[in-house]
Structures are given as C-alpha cells and as structure tokens.
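Results of the structural survey
Each chain, written out:
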Amino acid sequence: MNDRTPTAQLFLAFGHGILPAGATAVLLTILTVGWFTQPDRFQRGYSPAQPIPYSHRLHAGIHKIPCLYCHTNARRSRHAGVPAVSTCMNCHTVTMTASPHIQKLTAVFNSGQPMNWKRIHSLPDHVYFDHRPHVNGGIECQTCHGEIQSLDVVSQHMSMRMGNCLGCHRDAHDGLPSDSEIQEGPEHCNACHRRNPYKRHGYPAWMTSLESQEASRF
Ligand code: HEC
Ligand code: HEC
Ligand code: HEC
Ligand code: HEC
Ligand code: HEC
C-alpha cells in the first residue's frame, strides 16, 4: 500500500526529525526578538535625547535646588510631574541668557507651548503606581531613581518589572528610614492592578476577574 516515492519518504522522515527543531527555532526567534524589542519602559539605562541639555547635576547637585521645587506634585499626586517652562524662567529670565540653550528655552516659553521632554520612566497602562505613599512614607527619590543629582543626563535606574515592586513590598526595611513604622507595601493584586481613572485605555480582560485568580496565578 506504500505508494509514496522514495523522495517523499525521505522528506517525511526528515520532516519528523526537523519539525520539532523548526518549532524550537521559531520559538527562540520570537523570544529573542521579543526580548530585544521589548518596550523601552523595561530597559534600565533608557535615556532618550532631550530637547534641551538640562542637567540635574548642575541644578539639583551643584546648585542644590530641591527635587520638589520642580517635581512639586510628588507628595500630593500620583505623578511627580515634570516642571513647566515657567518654573525654569523663575531663574532663566536673568540667568545665562546668552546661552543658546537658554534662548531656545525662552523661545518655547514665549510660544506658550510646553517643552517636549521625553518621558523616561513609564509603567504599562495596567499598572497603578502612586508617588504619594512612597514619598510620604519616607522613601528617598534616589532609592528608586538613583543618584539623579549627580547625573547630567537622566536614565532609567529602576526595573519596572512586577518582581522589583514586590521585592520591596515584601520587605521594605532597606528602602525606609530606620525609625519608620511602615514594614511593607501591599501584595494583593488590586493594589497595583486597579481601575485607574487616569489611564486612557480600558482594562484587559484578564484583569477584571483578578481577585478570584489571586491564589492560583502566582
Ligand atoms: C530645576 C528643575 C529640576 C530639579 C531641581 C530636579 N529636576 Fe528632575 N527633571 C527636571 C526636568 C526638566 C526633567 C525632564 C528632562 C530630563 O529628563 O532630564 C526631569 C526629569 C526627572 C526624572 C525623569 C522623569 C521621567 O521622564 O521618567 C526623574 C526621575 C527626576 N527628574 C528626578 C529628580 C530628582 C530625584 C531630583 C532631586 C535630586 C530632581 N529631579 C530635581 C527638572 C528638575
Ligand atoms: C533656581 C534657579 C534655576 C532654575 C529654576 C533653573 N535653572 Fe537652569 N541654571 C541655573 C544656573 C545658576 C545655571 C548655571 C549653572 C552653572 O553654570 O553653574 C543654569 C544653567 C542651565 C543650563 C546650561 C546653559 C548652558 O548653556 O550651559 C541649562 C540648559 C538650564 N539651566 C536649563 C534649565 C531648565 C530647562 C530649567 C527648568 C526645568 C532650569 N534650567 C531651571 C539656575 C536655574
Ligand atoms: C518607590 C519608587 C519611587 C520613588 C520613591 C520615587 N519614584 Fe518617581 N517614579 C517611580 C515610578 C515607578 C515611575 C513611573 C510611573 C508611571 O509610569 O506611572 C516614576 C516616575 C517619575 C517621574 C516621571 C513623571 C511622573 O510623574 O510619572 C518623575 C519626574 C519622578 N518619578 C520623580 C520622582 C521624584 C522627584 C521623587 C522623590 C520626591 C520620586 N520620583 C520618588 C518610582 C518612584
Ligand atoms: C523601595 C521600596 C518600594 C518600591 C521599589 C516600590 N514600593 Fe510601592 N510601596 C512601598 C511601601 C513601603 C508602601 C506602603 C506605604 C504605606 O503603607 O504608607 C507602598 C505602597 C504602594 C501602593 C499602595 C498605594 C495605596 O494608595 O494604597 C501601591 C499601589 C504601590 N506601592 C505600587 C508600587 C509599584 C507599582 C511599584 C513598582 C513600579 C512599587 N510600588 C515599588 C514600597 C515600595
Ligand atoms: C506592587 C505592585 C504589583 C502587585 C501587588 C502585583 N503586580 Fe502584577 N504587575 C506589576 C507591574 C509593575 C507589572 C508590569 C511589569 C511586568 O510585566 O513585570 C505587572 C504585570 C502583571 C501582569 C502582566 C505581565 C505581562 O507580561 O505584561 C500580570 C498578568 C500580573 N501583573 C498579574 C498580577 C497578579 C495576579 C497579582 C496578584 C497576585 C499581581 N500582578 C500583583 C505590579 C504589581
């Protein structure tokens, strides 16, 4: 009953051995491509070019301008925020006005448009982060963002992976002042995966029944 030609038989024999290897190769390719093209938000060291070479070392380091002078919202809102150009102009209407960078800054200010700063730290939409409990709990900006005041160019210091958040939430001692009464952060899924009025997109389906999956998923 064997009506296959020898060539076809050879092909079939080959196929049986090769297919699993082929599937593995495809999988490996997907994983590799996925790894190298993963969103910038997960890349520690991510440091996009900014429209003006603003230096934290100069301002927050040498001139000791407090972080909250510019990132005023860190204590009272989810987002620390990036300062409006008018904050820069508190000084730069008089400071270094001959510099081409300050002239560009002034032009942006006069245009009434915001400065097009590139965002560096950014969690996916399905994650809720709030600066308030962290900053008001006494965790230093540097614990998460690194020694910003000694950098000319900001880059992403912390990992945005879930494991990194949970690592501190399980035992927060190292991140907190020694006399702090806080021991830990929340570990229940809804703390970080909650309905989030600030995010544009809806919730992915897997999240709507999260609490029931809590015990089994991880
Ligand atoms: C004079 C204003 C000013 C001060 C003071 C200042 N910053 Fe900034 N910060 C900025 C501006 C402008 C940006 C956006 C441009 C950039 O990324 O360099 C920024 C960006 C950042 C970012 C990255 C934001 C993102 O997109 O993810 C972090 C983190 C940050 N600052 C932390 C700090 C900390 C911590 C301090 C205190 C040690 C501080 N800053 C002091 C103006 C300031
Ligand atoms: C509290 C005052 C103050 C504020 C606010 C401030 N700066 Fe400055 N900035 C300075 C001083 C002082 C220098 C000069 C630093 C030095 O040379 O030691 C400077 C220098 C600079 C330079 C370097 C210019 C050059 O050509 O070397 C840039 C760019 C700059 N600032 C951008 C900004 C931006 C953008 C903001 C707002 C996010 C800002 N500054 C807010 C005081 C300030
Ligand atoms: C517990 C860790 C942690 C601490 C402490 C912390 N940050 Fe952040 N910061 C983050 C994370 C995570 C993001 C990204 C948030 C997102 O994408 O929603 C972020 C984002 C930012 C941004 C980008 C804009 C924004 O507001 O989302 C700035 C600026 C910033 N932080 C400044 C600060 C400053 C200044 C302090 C200290 C007063 C500080 N952060 C303390 C974790 C931290
Ligand atoms: C350095 C330690 C540390 C890191 C890193 C950290 N957290 Fe926290 N977080 C805490 C502590 C401590 C608390 C509890 C504060 C309290 O009880 O006042 C907390 C509280 C929270 C809360 C509760 C807010 C509320 O209103 O109930 C959320 C949400 C949260 N963290 C999200 C995150 C996310 C998302 C990340 C990672 C991107 C993260 N945290 C990284 C220490 C940390
Ligand atoms: C302290 C904050 C925090 C808590 C608590 C938390 N997560 Fe997350 N989760 C994150 C962050 C940050 C991300 C995005 C980064 C990543 O994928 O690692 C994430 C991503 C995810 C993702 C998507 C993974 C992907 O590939 O995009 C799933 C699924 C998830 N979490 C499920 C859960 C479940 C289930 C729980 C409860 C057992 C939980 N999370 C508790 C912070 C948290």
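Keep in mind it's a predicted model, so treat the numbers as computed, not measured.

**Overview of the overall build of the protein chain**
In terms of helices and strands, the protein chain carries eleven helices and zero strands. What you see in the protein chain, going N to C, is helices and strands ordered as α-α-α-α-α-α-α-α-α-α-α. For the protein chain, contacts bridging at least 24 residues in sequence account for 61% of all contacts bridging at least 6.

**Considerations on the site of ligand 4**
Residues in close proximity to ligand 4 total 22 residues, the closest being Cys165, Cys168, Ala172, Gly175 and Gly185. Elements with a contribution of two residues or more to the shell around ligand 4: α6 (131-136), α7 (141-145), α8 (162-170) and α9 (189-192). Top element by residues in the shell around ligand 4 is α8. It accounts for three residues. For the shell around ligand 4, the per-class residue count stands at 15 nonpolar, six polar and one charged.

**Side note on unusual backbone geometry**
Backbone geometry at Lys64 places phi at a positive 50 degrees, although glycine is not the residue there. Phi is positive for Met96, close to 55 degrees, though the residue is something other than glycine. When you line up the elements, Met96 lands in the loop between α4 (85-92) and α5 (100-111). Judged by the 11 C-beta atoms lying within 10 Å of it, Met96 falls in the exposed class.

**With respect to the packing of α4 against α5**
Where α4 meets α5, the closest approach of the two axes is 10 Å, and the angle between their N-to-C directions is 130 degrees. Classified by the interaxial angle, the pair formed by α4 and α5 is oblique. The chirality of how α4 crosses α5 is left-handed. From α4, Val85, Ser86, Cys88, Met89 and His92 reach across to α5, where they touch Ile102, Leu105, Thr106, Val108 and Phe109. Classifying every residue of the contact of α4 with α5 by side-chain character gives seven nonpolar, three polar and no charged.

**A look at α5**
Three or four residues apart is the spacing at which side chains of an α-helix point the same way, because the helix has 3.6 residues per turn. The end-to-end C-alpha separation of α5 is 16 Å, in line with the 16 Å expected for twelve residues at 1.5 Å each. Looking one or two residues beyond α5, the residue adopting positive phi is Gly112, at roughly 80 degrees.

**Examining the environment of Glu187**
Here Glu187 shows up in the loop between α8 and α9. Through-space distance from the C-alpha of Glu187 to that of Arg170 is 7.3 Å; in sequence the pair is 17 residues apart. Residues in contact with Glu187, not counting those within four places in the same chain, are Leu166, His169 and Arg170.

**Here's the deal with the confidence of the model for the protein chain**
Low pLDDT marks regions whose predicted coordinates should not be analysed in detail. Across the protein chain, the average pLDDT comes to 79, with 72% of residues at 70 or higher. Within the protein chain, helix α2 (residues 56-62) carries the highest mean pLDDT (97), whereas helix α11 (residues 210-217) carries the lowest (32). Ignoring residues within four places in sequence, the model shows residues 198-218, a span with pLDDT below 50, making 16 contacts including any to other chains.

Definitions and cut-offs
- Residues numbered from 1 in each chain as written.
- Chains lettered and ligands numbered in written order.
- Predicted model: local features only at pLDDT ≥ 70, side-chain atom pairs only at ≥ 80, totals over all residues.
- Helix = DSSP H or I, 4+ residues; strand = E, 2+ residues; numbered from the N terminus.
- Contact = placed C-beta atoms within 7 Å.
- Near = placed C-beta within 6 Å.
- Nonpolar A, V, L, I, M, F, W, Y, C, P; charged D, E, K, R; others polar.
- Buried ≥ 20, exposed ≤ 12 C-beta atoms within 10 Å, placed from the backbone.
- Axes fitted to C-alpha atoms, helices over the stretch in contact; angles between N-to-C directions.
- Parallel < 35°, antiparallel > 145°, perpendicular 65-115°, else oblique.
- Left-handed = near helix turned anticlockwise from the far one by under 90°.
- Expected span 1.5 Å × (residues − 1).
- pLDDT = per-residue confidence, 0-100.

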